[in-house]
Amino acid sequence: MRIIDLAVKDLRQVVRDRKSALFLVAMPIVFMLFFSLIFGAQGAQRDPRLPVGFVNHDLASSVSTDLFSLLEGSDAIRPVVLDQKQAGKAGELVRDGKLAAALIVPDGFGQVALAARQPKLTLIVAADNPAGQTASNAVDAAVTRLLANVQIAQLSAEAFETSAQLASETERQAYLEQALTLSNAAWRNPPLSVTVEGAGATERDQPSWQNAYNQTSPGTIIQFTIYSLIMCAGVLVSERKSGAMQRLLTTPISRAQIIAGHTLGMLVVVLAQQAVLIAFSYFVLGIQYLRVPLAILLVAGAYALWVVSLGMLIGAVARSDDQVVMWSLIAMFVFSALGGAWFPLEFTGKAFAAIGHLTPSAWAMDGFQNIIMRGLGLSSVLLPVGILLAYAAAFFALAVWRFRFE
Amino acid sequence: MKMLDIALKDLLRYLRTAFLVVMMFVVPLLMTGIFYFAFGGQGSSAGFNVPVTRVQIVNLDRPPAQSSRLAFGEMLIEFLQHEKLATLLQVTIAPDGASAREAVKNRSAEVAVIIPANFTSAALTPGEGATITIVQDPARTLGPGIVKGLISQFVDGLVGAKIAASVVMEQFGQRGIAVQADTLQNVAVQYAAWAVAQGQSRGEGKNPALELEAPPRKVEPASEKTVVAGLIMTGMMLFFVFYTGAGTAESIIQEDEEGTLARLFTTPTLHSVILGGKFIGVFITIIVQLIVLLIASALAFGIHWGELPAVVLLSIGLVVAAAGFGVFVMSFVKNMRQAGPVVGGVLTLSGMVGGLFTTGIQNLPAAYETIQLLTPHGWALRGWKLALAGGGVSDVLLPALVMLAMGAVYFAVGAFLFRKRFA
């Protein structure tokens with residue numbers, strides 16, 4: 001009963017401190033909305049592909065036009081024709097991040113290619129950044145496809161010349177150009193193709209497993225749940241500062257009961273915060289959180305319990321509000337980064353990913369993504385939930401151990 | 001003189017407080033270290049360490065009886081199992097599509113590849129088509145992307161050969177010349193040989209038709225790693241400098257709450273002198289923090305911050321902007337209980353809007369880059385990025401001036417509100 005009294009008291013305090021409560025819920029929503037608007041608008045209105053400058057000094061040739069078409073057909077990049085003035089600054093545009101790369105087609109490129117000599121294109125690219133690497137791979141694929149067309153045209157012409165004669169160089173050129181056109185058209189509808197599906201996703205869900213917010217949304221929930229550490233730890237510190245803790249000494253309440261009471265109160269607040277964020281993600285961003293509601297509730301609940309327990313530990317050891325903010329921010333940055341809330345762990349080095357996967361935040365990400373991306377069921381979250389509960393129990397025990405009334 | 005005494009007292013108080021020292025100096029370096037550890041490998045000479053992708057492959061391909069020597073499904077498996085790809089892929093044969101899909105679903109594989117029954121037939125028969133299905137763990141992108149790239153490369157070789165034959169047939173037909181089967185086979189074989197050679201070149205990371213050129217840099221970085229570290233450290237340094245601005249301005253609220261500010265007001269000292277002293281304390285603290293971070297990060301991560309005059313100019317702008325912003329934010333805070341969430345919240349949000357947590361991401365949407373410039377953080381980021389790229393005083397002048405102007409306005413508003421509160 002005392003535990004519940006303490007929890008109710010904490011809840012009343014949180015509700016009364018509207019400015020802090022507003023920050024806890026409004027800030028992550030503003031954050032999600034902001035990135036939804038920025039990147040959502042990008043997806044809806046702008047071409048999200050990486051811009052690659054295209055400088056064509058071979059205007060007379062259809063080969064360079066074919067190359068432009070192939071670049072336009074890429075899923076990863078979009079060619080941006082640079083005028084004469086911009087062409088001179090192509091390198092600077094790449095350096096400053098305005099372009100992911102710049103492709104320069106030299107004069108006579110098409111002629112060299114059709115003459116069965118090795119053509120040369122120049123690609124200005126910063127190979128030390130991911131956008132540059134993506135652009136480089138996409139340009140490489142388009143150039144290879146172009147060279148394939150040229151190769152097919154040459155083989156066709158050679159085959160023809162074994163049976164008949166092409167009367168003049170002009171006729172040969174026309175033959176090659178026709179072969180290029182035919183080859184280009186055939187590639188648009190290739191007889192063999194490759195298709196990609198998401199495992200576990202039903203036919204109805206196929207479009208949603210590639211939702212761009214499948215990483216951002218759980219990542220934001222993970223990060224801002226940890227942000228509530230400031231509030232959780234602050235409760236203990238402010239009670240100690242105000243002398244309320246000393247007053248509690250005169251009552252028959254144990255340290256474990258005090259921590260449990262505050263944990264319960266803060267758990268309700270953090271769960272409410274998560275509920276708002278999950279509802280926003282579901283209704284506004286279209287993330288499939290409600291596919292298995294019980295599983296999401298378990299993951300969110302277990303993760304919230306761990307965060308609150310950590311908050312109690314910080315509150316138990318911190319001596320001032322400043323220390324609370326410091327330890328809470330450090331925890332938010334470290335657990336968010338290591339747990340894969342900011343970027344998927346598969347993009348990091350092996351050691352970082354291995355260490356990261358020891359953190360509760362990584363297990364919470366796994367739990368959320370098992371439902372919203374992998375389309376798995378309740379059983380898929382039992383391991384993450386179990387690990388989160390074990391962490392929560394350990395941190396709760398540490399908080400009780402370290403807790404002092406003064 | 002009293003003003004400086006108050007400022008000095010505040011500075012000593014901050015530097016004696018262990019947690020403030022940690023926040024000002026240790027955390028930004030620690031955060032950069034974490035990111036450096038996470039992504040530093042990308043810039044190393046050994047290249048990015050891509051994890052091995054577990055692939056379950058199902059070969060349903062049944063080559064037509066008349067061309068049983070050609071089994072493209074088998075050839076695709078051999079291609080994926082080639083020893084050169086062993087560091088990228090771990091290929092296992094699965095008996096059927098259902099078990100391969102299940103393997104991906106229960107995360108014992110990242111990718112399943114299902115080769116259709118008519119794969120060889122479609123590659124050889126005009127008008128017939130076939131599709132290879134890749135089933136991937138939806139939470140992965142890197143491994144499945146590599147598998148798709150490799151399979152597409154293999155399939156393109158077959159498609160090209162088929163297209164080559166069809167182009168020959170079409171062109172010969174238009175000219176009324178009958179095509180011999182040998183001619184078609186010869187064309188397909190020659191194309192396949194070309195495709196294999198091309199694939200080998202690409203496999204070695206070379207495309208003979210593409211010459212890669214690095215964009216011009218004003219300053220050559222010591223290594224690619226330092227570029228990554230420089231960008232990350234810039235974001236962290238700016239975030240924590242702004243944090244110090246707000247954190248040190250918080251002392252006004254703290255002294256007010258502890259009653260020491262009221263005691264100071266009873267002494268024969270003007271309110272403006274007391275508040276002025278506290279504001280100078282904020283400035284000096286930030287200057288000390290900035291100098292330490294610039295030097296420590298240069299030593300720890302080998303970051304070359306740029307030309308000294310440009311760095312000095314940006315530092316002045318940053319100090320004014322961070323101090324002004326801190327005073328402004330704290331002027332809205334009523335007590336220390338509010339200070340924690342408000343400072344943490346406003347700084348995290350403004351840092352995100354200002355782009356401090358996305359410094360490593362290239363080609364951000366133009367709209368986002370524009371919005372960044374609504375905050376002093378965004379201008380600070382722009383200026384320091386220019387300095388890192390080797391920009392001189394003329395390059396960083398605009399960001400520095402904007403930071404100065406924004407900082408002055410924030411400071412004026414914040415100081416006005418404090419003076420009003422303590423009048």
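All values derive from a computational prediction rather than experimental measurement.

Undergrad: What am I meant to see in the overall build of chain B here?
TA: Counting its regular elements, chain B contains 15 helices and five strands. A compact globule built from 423 residues would reach a C-alpha radius of gyration of about 22 Å, whereas chain B, at 32 Å, exceeds it by more than 25%. Judged by the C-alpha coordinates and their principal axes, chain B covers about 110 × 45 × 35 Å. When the 423 residues of chain B are sorted by exposure, 51% land in the buried category.

Undergrad: Just to check I follow, could you spell out the overall build of chain A for this structure?
TA: For chain A, the count of helices and strands is 17 helices and five strands. For chain A, restricting intrachain contacts to residue pairs at least 6 apart in sequence, the fraction spanning at least 24 positions comes to 76%. Split by element, the accessible area of chain A, about 16,600 Å² in all, is 61% carbon and sulfur. A distance of 17 Å separates the average location of the 29 positive side-chain charges in chain A from that of its 28 negative side-chain charges.

Undergrad: Explanation requested: the interface of chain A and chain B in the structure shown.
TA: At the junction of the two partners, chain A supplies 109 residues and chain B supplies 107 residues. Roughly 9,700 Å² of surface becomes buried between chain A and chain B when both sides are summed, with 67% attributable to carbon and sulfur atoms. Sorting the residues of chain A by area buried against chain B places Arg95(A), Leu192(A) and Glu346(A) first, and these three jointly supply 8% of that buried surface. Seen at the junction of chain A and chain B, the total is four salt bridges. The residue Glu197(A) makes a salt bridge to Arg101(B) at a minimum N-O spacing of 2.7 Å. Counting the contacts that link chain A with chain B gives 23 residue pairs in polar contact (both at pLDDT 80 or more). If you tally residues by element for the side of chain A that touches chain B, the top one is helix H7 (residues 130-163) of chain A, at 19 residues.

Undergrad: Help me understand the packing of helix H10 (residues 229-242) of chain A against helix H14 (residues 321-338) of chain A in this model?
TA: For any two helices packed against each other, one specifies the inter-axial angle together with the distance between the axes. All names here are of chain A. It is at 9 Å that the axes of H10 and H14 come closest, and there the two elements cross at 160°. As far as their axial angle goes, H14 and H10 are roughly antiparallel. For H10 against H14, the interelement crossing comes out right-handed. Residue-level contacts link Leu-229, Ile-230, Ala-233, Gly-234, Val-237 and Lys-241 of H10 to Asp-321, Val-324, Val-325, Ser-328 and Ala-331 of H14. Partitioning the contact of H10 with H14 into residue classes produces seven nonpolar, two polar and two charged.

Undergrad: Just checking my understanding: could you explain the pattern of salt bridges for this structure?
TA: Pairs can form between side chains of opposite charge whenever their charged atoms are close. Summed over the entire model, instances satisfying the criterion amount to nine salt bridges over all chains. With a shortest N-O distance of 3.8 Å, Arg107(B) and Asp366(A) are connected by a salt bridge. Here the residue Arg107(B) occupies a position in the loop between helix H4 (97-105) and strand S3 (111-115), and Asp366(A) occupies one in helix H16 (residues 360-372), the pair thus bridging two chains. A salt bridge links Glu110(B) to Arg54(B); the shortest N-O distance between them is 2.6 Å. Here the residue Glu110(B) occupies a position in the loop between H4 and S3, and Arg54(B) occupies one in strand S1 (residues 53-59), the gap between them amounting to 56 residues. Of the residues examined, Glu110(B) reaches a relative accessible area of 7% and is grouped as buried. Because the salt bridges share partners, they merge into one network encompassing Lys9(B), Asp10(B) and Glu255(B).

Undergrad: Would you mind going over the packing of H10(A) against helix H13 (residues 293-317) of chain A with me for this structure?
TA: All names here are of chain A. In the contact formed by H10 and H13, the axes pass within 7 Å of each other and the chain directions differ by 35°. Like other packed secondary-structure pairs, H10 and H13 cross with a definite hand, here right-handed. Residues Leu-229, Cys-232, Ala-233, Leu-236, Val-237 and Arg-240 of H10 pack against Val-307, Val-308, Leu-310, Gly-311, Met-312, Ile-314, Gly-315 and Ala-316 of H13. For the contact of H10 with H13, a count of residues per class yields eleven nonpolar, two polar and one charged.

Undergrad: Explain the packing of aromatic side chains to me, please; I cannot follow it from the model alone.
TA: For any two aromatic rings, the description comes down to two numbers: the centre-to-centre distance and the angle of the planes. Going through the model one piece at a time under the given rule, you end up with 25 aromatic pairs over all chains. Consider the rings of Trp305(B) and Trp384(B), whose centres lie 5.7 Å apart with planes at 90°: the pair is edge-to-face. Here the residue Trp305(B) occupies a position in the loop between helix H10 (271-301) and helix H11 (308-330), and Trp384(B) occupies one in helix H14 (residues 376-388), the gap between them amounting to 79 residues. Side by side, Trp305(B) and Trp384(B) carry an identical accessibility label, which is buried. The positively charged end of Arg175(B) is found above the aromatic ring belonging to Phe160(A), 5.8 Å away from the centroid.

Undergrad: Please explain the environment of Val150(A) as it appears in this structure.
TA: All names here are of chain A. With respect to the secondary-structure elements, Val-150 resides in helix H7. Residue Val-150 is classed as buried on the basis of its relative accessible area of 5%. Between the alpha carbons of Val-150 and Ala-116 there is a distance of 8.3 Å; along the sequence they are 34 residues apart. Setting aside chain neighbours within four positions, we find Val-150 in contact with Ala-113, Leu-114 and Leu-180.

Undergrad: Looking at this structure, how should I read the side chain of Ser121(B)?
TA: Residue and element names in this part refer to chain B. Relative to the assigned elements, Ser-121 resides in helix H5 (residues 119-124). For Ser-121, a relative accessible area of 14% translates into the label buried. In this structure, Ser-121 is in contact with Pro-64 and Glu-128, ignoring residues within four places of it in sequence.

Undergrad: I tried to follow a positive patch on the surface on my own but got confused; where do I start?
TA: All names here are of chain A. Where like charges cluster on the molecular surface, the positive patch consists of Arg-255, Arg-319, Arg-402 and Arg-404. Relative to the helices and strands, Arg-255 is located in helix H12 (residues 255-283). By relative accessible area, which is 33% here, Arg-255 ends up partly exposed.

Undergrad: Can you walk me through the environment of Val342(B) in this structure?
TA: By the secondary structure assignment, Val342(B) is in helix H12 (residues 336-353). Residues Val342(B) and Phe332(B), spaced ten residues apart in sequence, show a C-alpha to C-alpha distance of 9.2 Å.

Undergrad: Quick question: what am I supposed to make of the pairing of strand S3 (residues 101-105) of chain A here?
TA: Two faces belong to every sheet, and in a regular strand the side chains alternate between them. Residue and element names in this part refer to chain A. Taking burial as the measure, the five residues of S3 include four buried ones, the bulk of the element. Relative to S3, strand S1 (residues 50-56) runs parallel, the two being bridged by five bridges. Of the residues in S3, the one forming a bridge with Asn-56 is Val-105. Summarising the sheet, S3 and strand S4 (residues 121-125) pair through four bridges and their orientation is antiparallel. Note that in S4 the partner of Ala-101 across the bridge is Val-125.

Undergrad: Looking at this model, I keep getting lost on the confidence of the model for chain A. Mind explaining?
TA: Low-confidence regions, as indicated by low pLDDT, have predicted coordinates that should not be scrutinised in detail. Across chain A, the average pLDDT comes to 84, with 91% of residues at 70 or higher. Below pLDDT 50 for its whole length, residues 41-45 of chain A participates in six contacts with residues either more than four positions away or in separate chains.

Undergrad: How do you make sense of the domain arrangement of chain B when you look at a structure like this?
TA: Frequently, the measure chosen for interface size is the accessible area that the parts lose on association. As far as domains go, chain B holds domain 1 (2-40 + 221-421) and domain 2 (53-217). Measuring from the centre of the C-alpha atoms in domain 1 of chain B to the corresponding centre in domain 2 of chain B gives 55 Å.

Undergrad: Where do I start with the pairing of S1(A) in this structure?
TA: Residue and element names in this part refer to chain A. With respect to burial, S1 is a largely interior element, six of its seven residues being buried. Here S1 runs beside strand S2 (residues 77-81); their pairing, made up of five bridges, is parallel. Residue pairing for S2: Leu-50 is matched across the bridge by Ile-77.

Undergrad: Even after reading the chapter, I still don't get the sheet that holds strand S2 (residues 89-93) of chain B, so can you show me in this structure?
TA: Within a sheet, each strand pairs with its neighbour through backbone hydrogen bonds, oriented either parallel or antiparallel. Pairing within the open sheet is mixed, and its five strands lie in the order S5(A)-S4(B)-S3(B)-S1(B)-S2(B). Strand pairing shows two members of the sheet lacking a second neighbour, strand S5 (192-198) of chain A together with S2 of chain B, which therefore form its edges. Across the sheet, the axes of successive neighbouring strands diverge by a mean angle of 25°, strand direction being ignored. The pairing of S5(A) with strand S4 (residues 130-136) of chain B spans seven bridges and is parallel. Looking across to S4(B), one finds that Gly198(A) is bridged to Gln136(B). Each of S1, S2, S3 and S4 of chain B touches helix H3 (residues 72-80) of chain B; the most contacted strand, S1(B), lies at about 165° to it.

Cut-offs applied
Residues numbered from 1 in each chain as written. Chains lettered and ligands numbered in written order. Predicted model: local features only at pLDDT ≥ 70, side-chain atom pairs only at ≥ 80, totals over all residues. Heavy atoms only, no water. Helix = DSSP H or I, 4+ residues; strand = E, 2+ residues; numbered from the N terminus. Rg over C-alpha atoms; globule rule 2.2 N^0.38 Å. Buried < 20%, exposed > 50% of the residue type's maximum accessible area, 1.4 Å probe, protein only. Contact = heavy atoms within 4.5 Å. Areas by Shrake-Rupley, 256 points an atom, 1.4 Å probe, with all protein chains shown as cover. Lys, Arg positive; Asp, Glu negative; His and termini not counted. Charge placed at Lys NZ, Arg CZ, Asp CG, Glu CD. Buried area = accessible area lost by both parts, 1.4 Å probe. Salt bridge = Lys/Arg side-chain N within 4 Å of Asp/Glu carboxyl O. Polar contact = N/O pair within 3.5 Å; in protein donor to acceptor, adjacent residues only side chain to side chain. Axes fitted to C-alpha atoms, helices over the stretch in contact; angles between N-to-C directions. Parallel < 35°, antiparallel > 145°, perpendicular 65-115°, else oblique. Left-handed = near helix turned anticlockwise from the far one by under 90°. Nonpolar A, V, L, I, M, F, W, Y, C, P; charged D, E, K, R; others polar. Phe/Tyr/Trp six-rings, centres within 6.5 Å; stacked < 30°, edge-to-face > 60°. Lys NZ or Arg CZ within 6 Å of the ring centre and 35° of its normal. Patch = residues over 30% accessible without salt bridge, like charges linked within 9 Å, V, L, I, M, F, W, Y side chains within 5 Å. Pairing = 2+ DSSP bridges. pLDDT = per-residue confidence, 0-100. Domains from an automatic or database assignment.

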